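Residues per chain, in single letters:
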Amino acid sequence: TKRYIDFIIEDFNIPINSHTMFYIFNQIKNKQVYYDDRLINETDGIEEVIKDIIIESKTNFDIDFENEKEFIYALKLHIAALIQRVKNKMSTNIQVDYEHLRKYLFGCKMTMSAVEIIEKYYSLEIPMDEFVLLVYYFNGEILKQQRNKTKIIGFVSSRGRAENLMFINQLENNFYLPKY
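Conventions and cut-offs
- Residues numbered from 1 in each chain as written.
- Predicted model: local features only at pLDDT ≥ 70, side-chain atom pairs only at ≥ 80, totals over all residues.
- Heavy atoms only, no water.
- Helix = DSSP H or I, 4+ residues; strand = E, 2+ residues; numbered from the N terminus.
- Buried < 20%, exposed > 50% of the residue type's maximum accessible area, 1.4 Å probe, protein only.
- Contact = heavy atoms within 4.5 Å.
- Areas by Shrake-Rupley, 256 points an atom, 1.4 Å probe, with all protein chains shown as cover.
- Phe/Tyr/Trp six-rings, centres within 6.5 Å; stacked < 30°, edge-to-face > 60°.
- Patch = residues over 30% accessible without salt bridge, like charges linked within 9 Å, V, L, I, M, F, W, Y side chains within 5 Å.
- Salt bridge = Lys/Arg side-chain N within 4 Å of Asp/Glu carboxyl O.
- Axes fitted to C-alpha atoms, helices over the stretch in contact; angles between N-to-C directions.
- Parallel < 35°, antiparallel > 145°, perpendicular 65-115°, else oblique.
- Left-handed = near helix turned anticlockwise from the far one by under 90°.
- Nonpolar A, V, L, I, M, F, W, Y, C, P; charged D, E, K, R; others polar.

### Examining the overall build of the chain
No. 1: Counting secondary structure elements, the chain contains nine helices and zero strands.
No. 2: Listing each helix as α and each strand as β along the chain from the N terminus yields α-α-α-α-α-α-α-α-α.
No. 3: Burial statistics for the chain: of 180 residues in total, 34% are counted as buried.
No. 4: In the chain, of all internal contacts separated by at least 6 residues, the share reaching a separation of at least 24 is 75%.
No. 5: In the form shown here, the chain has an accessible surface area of approximately 12300 Å², with 53% of it arising from carbon and sulfur atoms.

### Section: the environment of Asn60
No. 1: Mapped onto the elements, Asn60 comes out in helix H4 (residues 46-61).
No. 2: On a C-alpha basis, the gap between Asn60 and Met110 in space is 8.6 Å, while along the polypeptide they are 50 residues apart.

### Here we look at the packing of aromatic side chains
No. 1: Using the criterion set out here, one finds five aromatic pairs in the structure.
No. 2: Residues Phe71 and Phe138 carry aromatic rings whose centres are separated by 5.6 Å and whose planes lie at 70° to one another, so their mutual orientation is edge-to-face. Of this pair, Phe71 sits in helix H5 (residues 69-87) while Phe138 sits in helix H8 (residues 128-148); the two residues are 67 residues apart in sequence, bridging distant segments of the chain. Each member of the pair, Phe71 as well as Phe138, is classed as buried.
No. 3: Ring centres of Tyr121 and Tyr122 lie 4.9 Å apart, and the angle between their planes is 70°; on these two criteria the pair is classed as edge-to-face.
No. 4: Note on Tyr121: relative accessible area 35%, which makes it partly exposed.
No. 5: Here the aromatic cluster, defined as three or more aromatic residues joined through ring pairs, consists of Phe65, Phe71 and Phe138.

### Examining a nonpolar patch on the surface
No. 1: A cluster of nonpolar side chains, namely Phe7, Phe12 and Ile14, defines an oily patch on the protein surface of about 300 Å² accessible area.
No. 2: With respect to the helices and strands, the residue Ile14 is situated in the loop between helix H1 (2-12) and helix H2 (18-31).
No. 3: Accessibility expressed as a relative area gives 39% for Ile14, which makes it partly exposed.

### Topic: the packing of H4 against H5
No. 1: Contact geometry for H4 and H5: axes closest at 10 Å, N-to-C directions at 125°. Viewed along their axes, H4 and H5 adopt a mutual orientation that is oblique. Where H4 crosses over H5, the two elements pack in a sense that is right-handed. Side by side, H4 and H5 meet where Ile46, Glu47, Ile50, Ile53 and Ile54 of the first sit next to Ile72, Leu75, Lys76, Ile79 and Ala80 of the second.
No. 2: Tallied by class, the residues present in the contact of H4 with H5 amount to eight nonpolar, no polar and two charged.

### Observations concerning the pattern of salt bridges
No. 1: One pass over the structure, following the stated rule, counts seven salt bridges.
No. 2: The partner of Glu47 in a salt bridge is Lys76, with the nearest N and O atoms 2.9 Å apart. In this pair, Glu47 is assigned in helix H4 and Lys76 in helix H5, connecting sequence segments 29 residues apart.
No. 3: Here Lys76 falls in the buried class, since its relative accessible area comes to 15%.

Put into structure tokens, the structure is as follows:
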């Protein structure tokens, strides 16, 4: 980070005060999180928080994230960076799309439970922009689990055999069989 700041000062001849340096440092640190697990390791209690979120999701929403290693890892990375941003009063500068919140109510409810756990554990208040980012994580995983879940479709008809066979073939064409 110091190299980047020195580059800005020297090449662009822009004076940077300590507050701005701290802001730039945190932006770079939080953006590089996908390439470095140190932020997870530096975040006290992250494993316990994730465990509590998984238990809460299973108990109250009947959604099991326990074996979703990719999701859990991404959530750890995000929560670790989120805590740093909130503690340092940094904003994600994302536009809150309230239509997504209305569209993904189940994901919002699950996120509310997760946020309650995070806020309680770390004694902080999560702002709306951070909440929305967590909704995207939870809802994305919910959609993935729904997509991979086998569904049973019943077909009852009082039509003749030929017409029933046609409708069954239509159903088979419209729904990929191994999933249904």
